[in-house]
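Observations on the model geometry
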Amino acid sequence: MGTEERPDRAALAAEITGPLSRRYSTATVLYHHALAERLGLGPTDLKCLDLLHERAPMTASELAAITGLTTGATTGVVARLERSGLLAREPHPHDRRKQVLRPTAKAVREVQAVFDSLPVATDALVEGFDAHQLTAISEFLTRVTDFAYQRGALLRAQALSPGGHRATASPEQDPEQQR
């Protein structure tokens with residue numbers, strides 16, 4: 001392969017971290033909205049259920065902290081998921097005043113049933129990639145997921161200052177401004 005055929009690394013990296021990532025993010029959000037509709041849930045309820053599936057057990061206050069939802073909004077999500085049989089509350093093992101939240105077996109079955117019913121085989125998505133390429137894709141998805149969680153938390157932290165005014169980040173608070 002001649003040098004004229006090799007993509008410019010900087011241009012390719014900019015494409016991946018710019019327009020391709022935004023396009024992927026938008027498609028993913030829209031897909032999850034459709035998935036939520038299929039399950040008879042709102043998008044926020046589905047994402048909270050996903051977080052509980054991934055990280056359970058957790059308390060409602062922990063769920064609120066991760067999502068940035070108010071405690072009132074989190075209470076509403078928990079109540080709706082519990083009424084639909086998708087979430088169970090259990091006593092906290094170390095604090096009688098708290099409850100831990102877990103998705104029910106019904107939730108796991110119903111979400112899995114929707115994924116299983118999709119006509120597109122996910123195996124086709126990784127067809128043609130060798131183990132080295134799949135390792136790179138896995139590493140990228142892990143990094144971009146961690147980045148999104150971290151940046152989301154930073155954006156929420158910057159949203160309002162203690163006085164209720166929009167806060168601005170100083171370079172010490174925002175690693176992106178240090179570059």
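Conventions used here
Counting of residues starts from 1 at the beginning of each chain's written sequence and follows it residue by residue. In view of the model being predicted, local features appear only for residues whose pLDDT reaches at least 70, and side-chain atom pairs are presented and counted only at 80 or more, with totals across whole chains, interfaces and linings using the full set of residues. As a rule here, side-chain values come from all non-hydrogen atoms in the structure, and water together with hydrogens is ignored. Side-chain atoms within 4.5 Å are what join buried Ala, Val, Leu, Ile, Met, Phe, Trp, Tyr and Cys residues into a set we call a nonpolar core. Remark: exposure states derive from per-residue accessible area (1.4 Å probe, protein chains only) relative to the maximum for the residue type, with buried under 20%, exposed over 50%, and partly exposed in between. Each helix corresponds to a stretch of at least 4 residues labelled H or I by DSSP, and each strand to a stretch of at least 2 residues labelled E; elements are numbered beginning at the N terminus. Working rule for contacts: check all heavy atoms of both residues, and any pair within 4.5 Å makes them a contact. A fitted line through C-alpha atoms represents every axis, and for helices the fit uses only the stretch in contact; the resulting angles, taken between N-to-C directions, go from 0 to 180 degrees. Oblique is the label for every angle not falling under 35 degrees (roughly parallel), over 145 degrees (roughly antiparallel), or within 65 to 115 degrees (roughly perpendicular). Handedness of each helix crossing follows the sense of rotation of the near helix against the far helix: counterclockwise by less than a right angle gives left-handed, clockwise gives right-handed. Residue classes follow a fixed rule: Ala, Val, Leu, Ile, Met, Phe, Trp, Tyr, Cys and Pro count as nonpolar, while Asp, Glu, Lys and Arg count as charged, and any other residue, Gly among them, counts as polar. The term salt bridge refers to a pairing of a side-chain nitrogen on Lys or Arg with a carboxyl oxygen on Asp or Glu at a separation within 4 Å.

The protein carries the name DNA-binding transcriptional regulator, MarR family in an unreviewed UniProt entry, which gives Saccharopolyspora kobensis as its organism.

1. Observations concerning the nonpolar core
One finds Leu39, Leu41, Leu49, Leu63 and Leu81 to be the most contacted residues of the largest nonpolar core, which totals 20 residues. Among the secondary structure elements, those contributing two or more residues to this core are α1 (9-39), α2 (43-55), α4 (71-83) and α5 (105-117). The dominant element in this core, judged by the number of residues it contributes, is α2, at 5 residues. Residue contacts for leucine 63: discarding those within four places in its chain leaves Cys48, Leu51, Leu52, Met58, Thr74, Val78 and Leu101.

2. With respect to unusual backbone geometry
Here the amide bond leading from alanine 56 into proline 57 is cis, since omega sits at 0°, within 30 degrees of zero. With respect to the helices, strands and loops of the structure, proline 57 is situated in the loop between α2 and α3 (60-67).

3. Description of the packing of α1 against α5
For any two helices packed against each other, the geometry comes down to the angle between their axes and how far apart the axes lie. Direction vectors running N to C along α1 and α5 enclose 120°, while the axes themselves pass 11 Å from each other. Taken as axis vectors, α1 and α5 run oblique relative to one another. The chirality of how α1 crosses α5 is right-handed. Here Tyr31, Leu35, Arg38 and Leu39 of α1 come into contact with α5, specifically with Glu110, Val111, Val114, Phe115 and Ser117. For the contact of α1 with α5, the per-class residue count stands at 6 nonpolar, 1 polar and 2 charged.

4. Structural notes on the pattern of salt bridges
A pair can form between side chains of opposite charge whenever their charged atoms are brought close. Considering all chains together, one arrives at 8 salt bridges under this definition. Among the ionic pairs, aspartate 45 bridges to arginine 80, the shortest N-O distance being 2.8 Å. In this pair, aspartate 45 sits in helix α2 while arginine 80 sits in helix α4, placing the two residues 35 residues apart along the sequence. Take arginine 80: its relative accessible area is 38%, and that puts it in the partly exposed class. Residues aspartate 50 and lysine 47 are paired through a salt bridge, measuring 2.5 Å at the closest nitrogen-oxygen approach. With aspartate 50 and lysine 47 both in helix α2, this residue pair falls 3 residues apart, about one helical turn.

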